Amino acid sequence: MLQSNCRHSSTIPKEACCFCNLSEPKKLLDLCFNYINKDLEAICEFTGYSGYLKLKHGISLPVEICEKLLSVRSESLYSVDSSFINIFKDTSNTRLKRVRLRKGKIYDHDLEVLLSHELLDLDIAQNKDLSHNCIRHLSTHGSSLLSLSIGEHVNIFPALTFGNMEKWPQNCILNVPNLRRFALKGCHHLPDTFYAVLLNPMTYLTHLDLSNCGSLGSFSYSEHLVSLRSLILYNVDNIDEMIPAICKLKTLTHLDVSQSRDEHRKFPKSTATLTALVKSLPHLTSLDISGTNLAGTGVAETDKARGSDIPGLVSRVNNPFHFLGLYETLHDACLRHDIPAKLIAGNANEEQILISAWAYIDRTDMLQKVLNELFHLFRFETCQFVGQALNVVLESMNRHLDERHIQISGSATLFYIVKGTEEELQRHVRKKIISTLLNGMSVHKNDETMMRNGCLTLCQFKIPVDVLFEYERLVEVLLYSVHGMTSESFVQRIGIYLLNSLACQVDGQQKVRLGELGAINRMIWLISERLNRGYCDDVLEVAWSTMWNVTDETPANCRKFLEYNGMEYFLACLQTFPDKDDLLRNMMGLLGNVAEVKELRDYLLTPEYLSVFSDLLDSKCDGIEVSYNAAGVISHIASDGPEVWTVEEPSRQHVLNKMVLAIDSWDISSKRNINYRSFEPILYLVKVYHTPECQRWALWALANLTTVYPDKYCHLVEKEGGILLLKDVVDHPEAAIEIKQLAMMVVDNCWKFKNHDWQQELDG
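Residues numbered from 1 in each chain as written. Predicted model: local features only at pLDDT ≥ 70, side-chain atom pairs only at ≥ 80, totals over all residues. Heavy atoms only, no water.

The name that an unreviewed UniProt entry assigns to the protein is Protein zer-1 homolog, with the source organism given as Dendroctonus ponderosae.

Caption draft 1: Spatial organisation of the overall build of the protein. When its secondary structure is counted, the protein shows 31 helices and 14 strands. For the protein, the C-alpha radius of gyration of 35 Å lies well beyond 27 Å, the compact-globule estimate for 764 residues. Each principal axis of the C-alpha distribution contributes one length, and for the protein these read about 110 × 70 × 55 Å. For the protein, the share of sequence-separated contacts (at least 6 apart) that also reach a separation of at least 24 residues comes to 69%. Accessible surface for the protein amounts to roughly 33200 Å². Of this, 50% is attributable to carbon and sulfur atoms. Of the side chains in the protein, 76 bear a positive and 95 a negative charge, and the two mean positions are spaced by 7 Å. (Helix = DSSP H or I, 4+ residues; strand = E, 2+ residues; numbered from the N terminus. Rg over C-alpha atoms; globule rule 2.2 N^0.38 Å. Contact = heavy atoms within 4.5 Å. Areas by Shrake-Rupley, 256 points an atom, 1.4 Å probe, with all protein chains shown as cover. Lys, Arg positive; Asp, Glu negative; His and termini not counted. Charge placed at Lys NZ, Arg CZ, Asp CG, Glu CD.)

Caption draft 2: Structural context of the pairing of strand β4 (residues 121-124). Relative to β4, strand β3 (residues 98-101) runs parallel, the two being bridged by four bridges. Across the sheet, residue Arg98 finds its bridge partner in β4, namely Asp121. Taking the sense of rotation as the criterion, the β-α-β connection linking β3, helix α4 (residues 108-115) and β4 turns out right-handed. Here four bridges tie β4 to strand β5 (residues 147-150), and the two strands are oriented parallel to one another. Within β5, the position partnered with Leu122 by the bridge is Leu148. In this fold, the crossover linking β4 to β5 by way of helix α5 (residues 134-140) has right-handed handedness. (Pairing = 2+ DSSP bridges. Right-handed = clockwise from strand over helix to strand, strands pointing away.)

Caption draft 3: The arrangement of the domain arrangement of the protein in detail. Annotation of the protein at the domain level lists domain 1 (27-141) and domain 2 (605-763). Placing a centre on the C-alpha atoms of domain 1 and another on those of domain 2 gives a separation of 63 Å. (Domains from an automatic or database assignment.)

Caption draft 4: Structural context of the packing of helix α28 (residues 692-708) against helix α29 (residues 710-719). With their axes 6 Å apart at the nearest point, α28 and α29 run at an angle of 130 degrees to one another. Taken as axis vectors, α28 and α29 run oblique relative to one another. In this structure, the crossing between α28 and α29 has a hand that is left-handed. Each of Leu702, Leu705, Thr706, Thr707 and Val708 in α28 lies in contact with α29, whose residues at this interface are Pro710, Tyr713, Cys714 and Val717. Partitioned by chemical class, the residues of the contact of α28 with α29 number seven nonpolar, two polar and no charged. (Axes fitted to C-alpha atoms, helices over the stretch in contact; angles between N-to-C directions. Parallel < 35°, antiparallel > 145°, perpendicular 65-115°, else oblique. Left-handed = near helix turned anticlockwise from the far one by under 90°. Nonpolar A, V, L, I, M, F, W, Y, C, P; charged D, E, K, R; others polar.)

Caption draft 5: Structural detail: the pattern of salt bridges. Counted under the stated rule, the structure contains 32 salt bridges. Here Asp362 makes a salt bridge to Arg399, at a shortest N to O gap of 2.8 Å. Of the two residues, Asp362 sits in the loop between α10 (350-359) and α11 (364-380) while Arg399 sits in helix α12 (residues 386-399), which places them 37 residues apart along the sequence. Classification of Asp362 by relative accessible area gives partly exposed; the value is 47%. Arg399 gets classed as buried once you look at its relative accessible area, which sits at 18%. Shared partners join several salt bridges into a network, and the residues in it are Arg493, Glu529, Arg530, Arg533, Asp537 and Asp538. (Salt bridge = Lys/Arg side-chain N within 4 Å of Asp/Glu carboxyl O. Buried < 20%, exposed > 50% of the residue type's maximum accessible area, 1.4 Å probe, protein only.)

Caption draft 6: Structural view of helix α14 (residues 427-443). Here α14 contains 17 residues, and its C-alpha end-to-end distance of 25 Å stays within 8% of the 24 Å for a straight helix at 1.5 Å per residue. Taken as a whole, α14 has its buried residues at Val429, Arg430, Ile433, Ile434, Ser435, Thr436, Leu437, Leu438, Asn439, Gly440 and Met441. Considering only its buried residues, α14 is in contact with α12, α13 (404-421), α15 (448-458) and α16 (471-484). (Expected span 1.5 Å × (residues − 1).)

Caption draft 7: Representation of the pairing of strand β14 (residues 341-345) within the structure. Here β14 lies mainly inside the structure; four of its five residues are buried. As paired strands, strand β13 (residues 321-325) and β14 are joined by four bridges and run parallel to one another. Bridged to Gly325 within β14 is Ala345.

Caption draft 8: Up close: the sheet that holds strand β7 (residues 207-209). The ten strands are arranged β3-β4-β5-β6-β7-β9-β11-β12-β13-β14 in an open sheet whose pairing can be described as parallel. Edge positions in the sheet fall to β3 and β14, since each has one partner strand and no second. Across the sheet, the axes of successive neighbouring strands diverge by a mean angle of 5 degrees, strand direction being ignored. When β5 meets strand β6 (residues 181-184), the two strands line up parallel, connected through four bridges. Bridging across to β6, Ile150 finds its partner in Leu184.

Okay, structure coming up:
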């Protein structure tokens, strides 16, 4: 992870570090599953009548492959829908035993397909489209189920009242006789008598989770659960009424009566209640009383309370709990000294916060608070267990992708983690962080805070090297931030700067793809919006810079610029903001790229455009840059020969004469605000003997660049065959002396640089 050996405290449980597998490179098997998940047609085909997916003929998948494929799909941004579920309809070629669907858009008939595999374990957490008809499917195939979890967003039980009790058996009785683990969460609408009917047949339960289920009545109907070891009653109402029944469940090893809602936090007799629970349940090793007043005030109420700062736990002083949940207990129980537990979930220190994050990873309301604690820890203090914190944050964000507050808290924490440790992060860890951020930004792309956090964190990485594996998705997110967010917002600004960095440092097909994804028309939109308001700012300048970069040696994008009326916006900006040096330089740099494309030069051959280019030869904006770029545009247009220049005014010779005067006025030692990756367009002009003015500009450019930046450009000249070409110019009988001198200067610069390199190697 951050280091080769992930450091963790001996008091943080191993489970809290279970996400430390980030420290290992991604397994080949995982890479294969991710590939198939993105391209299901590698193993599937579509059925004719419904358009659903099915395995290709001859393919048969074992249970391990089927379950992994379903799991990967469920945890990705791709949808688990009816078409995907249809893959598993053929039970002769697919096998499933454990199905865990965190989210998806599946219906009753899809669940029936999954249950037809005689499942052992079924977890349906966020499948909102299931109805009460699922109960019939569950009962039909229920004899094999050992574990069943029904999440808070799944409403498969019909609305029941005391008036329709006679309908309960057929409507909501689950025929799951062998069930060992059962979770039913978030059923606020059901009367307490319902649970007695529901749980009555489940005689073999060892684990029961009824989180957020409202009132359960007295819970006396649970006495038949003689094998129950774990009971979770998180956010259940009126637990005080249930204490006598809970105390009779003698086999319990884990009990959770925690609360996150103020109205149910207080027990009338807190210490007496906690004492009764602990003494009645001798096998408890794990107890969660977070958010309640069960820990008392911290003041010993009797002499017998000595030995523990939690009066109700005096009997466990010599037999401490393995885990004790004290997060947000009244009177800050987690801050006390004598607590009989090895692991404590609280917010007293970094270790307690990390344990809380592990304990409440599936409870979004509590997890959000814990992540906020973690954020403040990283912002204002030095953290000792950065690796564990990073893993918990990533797991939280990936597990709760649709929860806005978790994404915001998590991304804010990631910013500080990456800012402080970017150099230490291994490549696969950086990739995991970037993918997690993009997942959150893609889902919450209209949220200013999430987009800001994501962009700021991405800025901590090396652009574009670190993000190339998610290049296309990042571009789509950033283009939306430019166009879809509030005008002049911070998100829009940082989004366009990131886009410009990407456009500047990628080449070839990636630049083409930038154009295909809409980079040019989004920049044009930004320019149009600024022009309408008569407002020139850094966003306008960077928009032109981005198009300058994205059109570099990319004819397809140059054409897009013209097709989106880019020249009209060029003239409008030139007229509206004539004194903006950076803006003018960026615009002329872009037009230089357009002029390099032979088949597009006709667009520039108009009296209006040529007059503008001619006038800009006299420009002193940004040193020589604007004049230099104007001369480059003219040189490329003129290189096509006199017959192509069909414009009478300004005349070709007049413009060329003016260009030579401008070139002669430039200082050959001028430092440049330009970056060439290839000299191919310039070297092409060196061969244009029919128009020596074009040669003059090209050779001046090479002479200047190899004089000022020899280490960067001398090698490029030689690499692209420029030396032989320059010697041809020197030997050419018709070449003017000024042109031969410039060519000799370039050759001399390259010779000096090459010999300097050799001398350094000999000295070394």
